[in-house]
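Residue-level structural notes
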Amino acid sequence: MNERKENSGFTSYLDQPDLESITLNDSQRTKFLDGETIACEASQVMMFNPVNESSQVFKGVLTVTTFKLSFASAEESESKANCYQQNLLLGINDVCLSSIDCIYLGDKSKKKLLVPGQNVSGKVKELLIVCKNMRYFAFSFKLSEKDSGKSIANALLHHAYPKRHQLLFAYDYKESYVSNTLHKEVRMFQMKHDWEKELQRTGCPGWRLSMVNFNFQVSSLLLETIIVPQSVTDNIVKDAVEKFRHRFCPVWVWGTKGGAALVRMADLLPTITDRTEENKLLEHIRKSHPDKQPPHIVDLTSPSPKDIYTSYLKLRELCTPDNPRLFKHQDFKFYGLLDATKWLTHVSTCLTKAKDAAEKISNRNCTVVLQEGNGQDLNCLVASLIQIILDPYFRTKFGFQSLIQKDWVAMGHPFANRLGHILDKEIEQSPVFLLFLDCVWQLLQQFPAAFQFSETYLTTVWDSVHITIFDTFLFNCPHQRFMASTGNCNSHAPLRMRSVWDWREQFSDKDIALFCNPLYDDSFLQVLKPSTGLPNLEVWGQCYFRWLSDLEIPRGGRPQVDLYSRFLVQQILQTQCNGIDLNAKINHKEEYMDLIKKVNSFYPFSHNMATVNNTINNLLLTGDTLDSQSILNLNTE
């Protein structure tokens, strides 16, 4: 009997005993944002964990809005979760529509993938929803009104896969927005002065700012301010962009006082076989170097966005088993299956390319030119890693955010396409940005004292790229952002721009405090020398496996080390403060330690609350213990 149940392809909860009708109070109901409207709603829906048959089944109201999918239940108390990360825009069982990757129709022993844009006509008993951040939801409509499941499925298929950019919720969100003071520390690289400051900060000679693309007159895919060799005139730039794919001619992104520069460029157009024009530009780059050294060219054709996407799909399948049998099968062959995804192989490849290029810049004072098909995928990734390896500024929180703004947002990584914000058969979806974050996480594991930000911060950044309120990861290029902000985008009203780096739009101070690395040493200014081979890499468990409750270690894992480190740093800082009575705080040491030991391994993303009580929220996550001003040197913020 049990064996037959384990071998089923899709676990069904339709035989669960009927649950009594439950009424939601105001605090338990779904909260709606200004401009958010309901598309469909179903009551008496059961939410369950398809992998863990012994887990509790919750009954509540399932709602599809123009912004999110939301499940509200009176049985699952959110008060238990207030010591975990809580997004101010989304409830504990909410997910932004843009984060939904696949929707499956479940029926006992099988599941069927639903096609976006089509309608479901038959009866829907169960839905399994897989998200881009590896989270998944399973719902049963056994107790719901007739056709409730079908209505929910059709609403999701329509609203979660918009066919036009203007259908994203950012265009309807009406909440007022005022940038906070922390955001001012992030360089957005949308204006000329940010590029001037970066050129001055690095002190790289031989290069100049060009406004040849002002108002996007030369290329709608390039940013308005570009940095080119001093010997390159604006007329040369105008002629050069015609020869390159996506009109992406060689541009400077970073450099050293010794004259070694980091340059990005696309390939020549396929129709151009004569590389004379490209060689002329490379000669200008050589002349920009004080020693007239020829640049080293790095070919970034592999892995391609398609390779990365294929690998991601296999990784996602490994992280989202939909029944106990599949989970056990994958667990038994985990490392073989992980190797088959080639995800860590791609991580290793990107880190190796970045490490080799960084060594040429730092050891040989050689200019490095990164060249890739369209210049906007691996160019972004490898260029960012090189700068993190070489420049300690980009390992700080504000520096890292500025780096993303410069090399990803301003330089035109096609976020809308790669993240799948829009349903279009011609669009090539690929989580290149996730691969980058994974590479940074690997560096953080190898050099924990070199980074001001934490693992939790990187995981939160990945979650935030799918929230369609912020413009940071919403567009394909600066020109699209400009058109939307001025209202020239299909006659739509001007879009109010909101930066994702204003973290208080999403989180409270206690959650933001966890973005800081308690082991950070701001005197660590060395060039990083990472080990990039596969045996030296790890699986980013917090990001990929946090929704698999069976993999969570109760009262164990890295979070305990992290929280204990924060406690110790706070104690050290307090002992350095003369004239402060520490007796009260020292007397709480045993209580602190007891609370830390109750934290599970996927903290602060776990929702397994059995071992944690609310006292941790009152004693550990408030006050000075996890405040970034206390954890880090006081001048870092």
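Just above, that's the structure.
In this text, all values refer to a predicted model and were calculated from it rather than measured experimentally. (Residues numbered from 1 in each chain as written. Predicted model: local features only at pLDDT ≥ 70, side-chain atom pairs only at ≥ 80, totals over all residues. Heavy atoms only, no water.)

**Some remarks on the sheet that holds strand 13 (residues 296–299)**
Here we have 4 strands laid out as an open sheet, ordered 11-12-14-13, and mixed in their pairing. Each having just a single partner strand, strand 11 (251–255) and strand 13 make up the two edges of the open sheet. Direction aside, neighbouring strands of the sheet carry axes that sit 25 degrees apart on average. The sheet contact formed by strand 11 and strand 12 (residues 261–266) spans 4 bridges and is antiparallel. From the neighbouring strand, Gly-255 faces strand 12, where its bridge partner is Ala-261. (Pairing = 2+ DSSP bridges. Helix = DSSP H or I, 4+ residues; strand = E, 2+ residues; numbered from the N terminus. Axes fitted to C-alpha atoms, helices over the stretch in contact; angles between N-to-C directions.)

**What to know about the layout of surface pockets**
Empty space among the atoms becomes apparent when a probe as large as a water molecule is rolled across them. By volume, the second largest pocket is sized at about 600 Å³. Contributions of two or more residues to the lining of the second largest pocket are made by strand 5 (100–107) and helix 6 (305–319). A class-by-class count of the residues in the lining of the second largest pocket yields 14 nonpolar, 5 polar and 7 charged. Counting contributing residues, the lining of the second largest pocket receives three or more from each of domain 1 (38–161) and domain 3 (299–365 + 377–571). (1 Å grid on protein atoms, 1.4 Å probe; cavity = no way out; pocket = protein on both sides within 12 Å on 5 of 7 lines; lining within 4 Å. Points joined across faces, edges and corners; volume = space filled by probe spheres on them. Nonpolar A, V, L, I, M, F, W, Y, C, P; charged D, E, K, R; others polar. Domains from an automatic or database assignment.)

**With respect to helix 7 (residues 324–332)**
Residues of helix 7 that are buried include every one of Pro-324, Phe-327 and Gln-330, and no others. All buried residues of helix 7 project into a common sector of 130 degrees when viewed along the axis, lining one side. Looking at the buried positions of helix 7, the neighbouring elements they touch are helix 6 and helix 8 (334–341). A distance of 3.1 Å separates the backbone nitrogen of Arg-325 from a side-chain oxygen at the start of helix 7, and that oxygen is part of Asn-323. (Buried < 20%, exposed > 50% of the residue type's maximum accessible area, 1.4 Å probe, protein only. Arc of directions from axis to C-beta. Contact = heavy atoms within 4.5 Å. Polar contact = N/O pair within 3.5 Å; in protein donor to acceptor, adjacent residues only side chain to side chain.)

**Quick notes on the pattern of salt bridges**
Enumeration according to the criterion identifies 22 salt bridges in this entry. Note that Glu-242 and Arg-247 form a salt bridge whose closest N and O atoms lie 2.9 Å from each other. On the accessibility criterion, Glu-242 (43% relative accessible area) is partly exposed. Measuring nitrogen to oxygen at the nearest pair gives 2.7 Å for the salt bridge that ties Asp-377 to Arg-418. (Salt bridge = Lys/Arg side-chain N within 4 Å of Asp/Glu carboxyl O.)

**As for empty space enclosed by the protein**
Under the criterion given, the structure shown has 6 cavities of 30 Å³ or more. Within this model, the largest cavity holds a volume of roughly 390 Å³. Around the largest cavity sit 25 residues that line it, and Leu-90, Asp-94, Arg-135, Asp-463 and Trp-547 are the ones nearest its centre. Looking at the lining of the largest cavity, the elements with two or more residues in it are strand 4 (94–96) and helix 14 (455–464). Of the residues belonging to the lining of the largest cavity, the class tally is 10 nonpolar, 11 polar and 4 charged. Split by domain, the residues of the lining of the largest cavity number at least three in each of domain 1 (38–161) and domain 3 (299–365 + 377–571). Considering the residues around the second largest cavity, the lining is formed by Val-228, Pro-229, Val-232, Ile-236, Val-237, Ala-240, Cys-249, Pro-250, Leu-281 and Ile-285. Counting only elements with at least two residues in the lining of the second largest cavity, the list comes to strand 10 (226–229), helix 4 (234–241) and helix 5 (276–288). Looking at which element gives the most residues to the lining of the second largest cavity, the answer is helix 4, with 3 residues. For the lining of the second largest cavity, the residue count by class is 10 nonpolar, no polar and no charged.

In short, geometric facts, not functional conclusions.
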